[in-house]
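Summary of structural features
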Amino acid sequence: MLIVNIKQIAGITDGGTGCLSGGEMLTGMGTMDDAWILLRDGLIHSFGSMSEMPQVGSDDVVDARGGMVLPAFCDSHTHIVYAGSRHGEFIDKINGLSYEDIARRGGGILNSADLLARTSEDELYAQARLRAEEMMAKGTGAMEIKSGYGLSTSAELKMLRVIARLKEDLPAKVCATFLGAHAVGRSYAGRQSEYVEMLVSEMLPAVASEGLADFVDVFCDQGFFTVNETARILEAAAKYGMRPKIHANELAVSGGVQVGVRYGAVSVDHLERMGAEEISILKDSTTIPTMLPGASFFLGMPYAPAREAIAAGLPVALASDYNPGSSPSGDMRMVMALGCIKMRLLPTEALAAITVNGAAAMDLRPRYGSIFPGAVANLLLTVAVPSLDFIPYAYTSPFIRRVILQGKYI
């Protein structure tokens, strides 16, 4: 595929670039105006200025008609394998109940686990695939998907098998995360330590034996799992080669950042309650702080301190947290807009957060998340827009003309 008459290619890096930290989020992704780009065998082959375009043979020549080309979005935190929805709790939220209030009443994650247990694997796959296709249509080319609505060995394996099927069937890149420590299953109510023991001695070996997870995650927060329990789970998972991605500091200053960094987490996610101590600890690590503004928007929580993290030189990623209870949307353009409007990121910084840094938070750099010869050809071709700034500014206006994954239209 040869795309010509591109107003601007944005998101260009060199082939060795990993994540972008601090000021690099503003300066580390280049642009090229009035450009062409050639895709071959699912990869970006070359690109350049229209004034210097060589003779390039292609059976598929696309006139961009003044649109932009961007890297497809990289969503490093989702929970899209779930049954049904939790719209019944929506009224509770409107009436003032918090996420914690609903969980204490036996709702929230446990309601999703009850419904998932009654749902067949094929039906669960069908529902999740629809959500993934919606995400791809809105520009996502790589996504992490977590388990965590099973809370029993059989149901967690069912979820992870669905994710494995999505990996095989979708043109998007999919990473799988085992999140058995999302909550304590109802059958273990009041016996959290026994649940953790079962997770370590039964769930983890079963997941590992089928090779179903790239990462392990723990909801290390107030009312969920403690730092010591988190450390025990991470130590057990490390024996099977599962790297951590931690839910941390969503509801309280939990110690989740500290334990994540200690065990070499790829990312620590949420961070709505992150302060100066956590920022300082992250500065001395390779762990990527991943912020989820969709959850802050939906739950009315504080937004994570993105500006402070960038000022300290950290590589901020933004993700959707697509799930039925606290962020029922996988629209990464909306995430970008919230990053700008509510977290005060500049549009170029927000683009870095949802592309190159999102890819790094899934350990997918450098092949995903930016544009350079040899990168996977996951791209967005936009309609004619005035500039990149217009995309988060006019945050409900359609802007995608075509989504290209692995060098082909979806």
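Above this text you will find the structure in question.
Reference entry: report on the structure contained in this document.

Procedures and definitions
- Residues numbered from 1 in each chain as written.
- Predicted model: local features only at pLDDT ≥ 70, side-chain atom pairs only at ≥ 80, totals over all residues.
- Heavy atoms only, no water.
- Helix = DSSP H or I, 4+ residues; strand = E, 2+ residues; numbered from the N terminus.
- Rg over C-alpha atoms; globule rule 2.2 N^0.38 Å.
- Buried < 20%, exposed > 50% of the residue type's maximum accessible area, 1.4 Å probe, protein only.
- Contact = heavy atoms within 4.5 Å.
- Areas by Shrake-Rupley, 256 points an atom, 1.4 Å probe, with all protein chains shown as cover.
- Lys, Arg positive; Asp, Glu negative; His and termini not counted.
- Charge placed at Lys NZ, Arg CZ, Asp CG, Glu CD.
- Patch = residues over 30% accessible without salt bridge, like charges linked within 9 Å, V, L, I, M, F, W, Y side chains within 5 Å.
- Salt bridge = Lys/Arg side-chain N within 4 Å of Asp/Glu carboxyl O.
- 1 Å grid on protein atoms, 1.4 Å probe; cavity = no way out; pocket = protein on both sides within 12 Å on 5 of 7 lines; lining within 4 Å.
- Points joined across faces, edges and corners; volume = space filled by probe spheres on them.
- Nonpolar A, V, L, I, M, F, W, Y, C, P; charged D, E, K, R; others polar.
- Expected span 1.5 Å × (residues − 1).
- Polar contact = N/O pair within 3.5 Å; in protein donor to acceptor, adjacent residues only side chain to side chain.
- Axes fitted to C-alpha atoms, helices over the stretch in contact; angles between N-to-C directions.
- Parallel < 35°, antiparallel > 145°, perpendicular 65-115°, else oblique.
- Core = buried A, V, L, I, M, F, W, Y, C linked by side-chain atoms within 4.5 Å.
- Pairing = 2+ DSSP bridges.

1. Comments concerning the overall build of the chain
When its secondary structure is counted, the chain shows 16 helices and 16 strands. The C-alpha radius of gyration computed for the chain amounts to 21 Å, which stays within 12% of the reference 22 Å derived for 410 residues, consistent with globular compactness. Here the chain, with 410 residues, has 60% of them falling under the buried criterion. Considering only intrachain contacts with a sequence separation of at least 6, the fraction spanning at least 24 residues in the chain is 73%. When the accessible area of the chain is evaluated, it comes to approximately 15,200 Å², of which 50% is carbon and sulfur surface. The chain carries 35 positive and 45 negative side-chain charges, and their two centres are separated by 2 Å.

2. Describing a nonpolar patch on the surface
Together, Phe90, Ile91 and Ile94 make up an exposed nonpolar region whose accessible area comes to about 310 Å². Examined against the element boundaries, Ile91 turns out to sit in helix 2 (residues 90-94). Assessed through its relative accessible area of 49%, Ile91 is described here as partly exposed.

3. Focus on the layout of surface pockets
In this structure, the largest pocket occupies an estimated 350 Å³ of space. Secondary-structure elements contributing two or more residues to the lining of the largest pocket are helix 3 (99-104) and helix 4 (109-117). If one sorts the elements of the lining of the largest pocket by residue count, helix 3 sits on top with five residues. By residue class, the composition of the lining of the largest pocket is nine nonpolar, six polar and five charged.

4. Description of the pattern of salt bridges
Counted under the stated rule, the structure contains 16 salt bridges. Taking the shortest distance from any N to any O, the salt bridge between Arg161 and Glu210 comes out at 2.6 Å. Taken together, the residues Arg161 in helix 6 (residues 153-169) and Glu210 in the loop between helix 7 (192-209) and strand 9 (215-220) connect sequence positions 49 residues apart. Classification of Arg161 by relative accessible area gives partly exposed; the value is 31%. Ionic contacts of the salt-bridge type, sharing partners, join the residues Glu121, Asp122 and Arg165 into one network.

5. Structural notes on helix 5 (residues 121-137)
A rise of 1.5 Å per residue sets the reference length of helix 5, with its 17 residues, at 24 Å; its end C-alpha atoms lie 24 Å apart and thus fit the reference within 8%. For helix 5, the complete set of buried residues consists of Leu124, Tyr125, Gln127, Ala128, Arg131, Ala132, Met135 and Met136. Buried residues along helix 5 sit in contact with strand 6 (73-75), helix 4, strand 7 (140-146), helix 6 and strand 15 (400-405). Gly139, located one to two residues past helix 5, shows a positive phi value of around 110°.

6. Description of the side chain of Ser147
Inspection of the secondary structure assignment puts Ser147 in the loop between strand 7 and helix 6. A residue is classified by how much of its surface remains accessible, and Ser147, at 0% relative accessible area, is buried. Among the polar contacts made by the side chain of Ser147, one reaches the main-chain amide nitrogen of Leu179 at a distance of 2.8 Å. Look past the residues within four positions of Ser147 in its chain and what remains in contact with it is His79, Glu156, Met159, Leu160, Ile163, Thr177, Phe178, Leu179 and Gly180.

7. A look at the packing of helix 7 against helix 8 (residues 227-238)
Close contact between helix 7 and helix 8 brings their axes to 10 Å; oriented N to C, the two are set at 10°. As far as their axial angle goes, helix 8 and helix 7 are roughly parallel. Where helix 7 abuts helix 8, its residues Gln192, Val196, Glu197, Leu199, Val200 and Leu204 lie against Glu229, Arg232, Ile233, Ala236 and Ala237. Its residues assigned to classes, the contact of helix 7 with helix 8 shows seven nonpolar, one polar and three charged.

8. Some words on the nonpolar core
Ranked by size, the top nonpolar core spans 106 residues in total, and within it Val81, Met143, Phe178, Tyr195, Met291 and Leu318 carry the most contacts. If we skip the residues at most four places from it in the chain, Phe178 touches Ser147, Glu156, Leu160, Leu199, Met203, Leu204, Val207, Ala213, Phe215, Val216 and Asp217. Residues Ile9, Leu39, Phe47 and Ala377 belong to the second largest nonpolar core, which totals 20 residues.

9. Notes on the sheet that holds strand 7
Strands sit in the order 6-7-8-9-10-11-12-13 across an open sheet of eight strands; the sheet is parallel. At either end of the open sheet lies a strand with only one pairing partner, and these are strand 6 and strand 13 (317-318). When strand 12 (residues 288-291) meets strand 13, the two strands line up parallel, connected through two bridges. Residue pairing in the sheet places Met291 in a bridge with Leu318 of strand 13.

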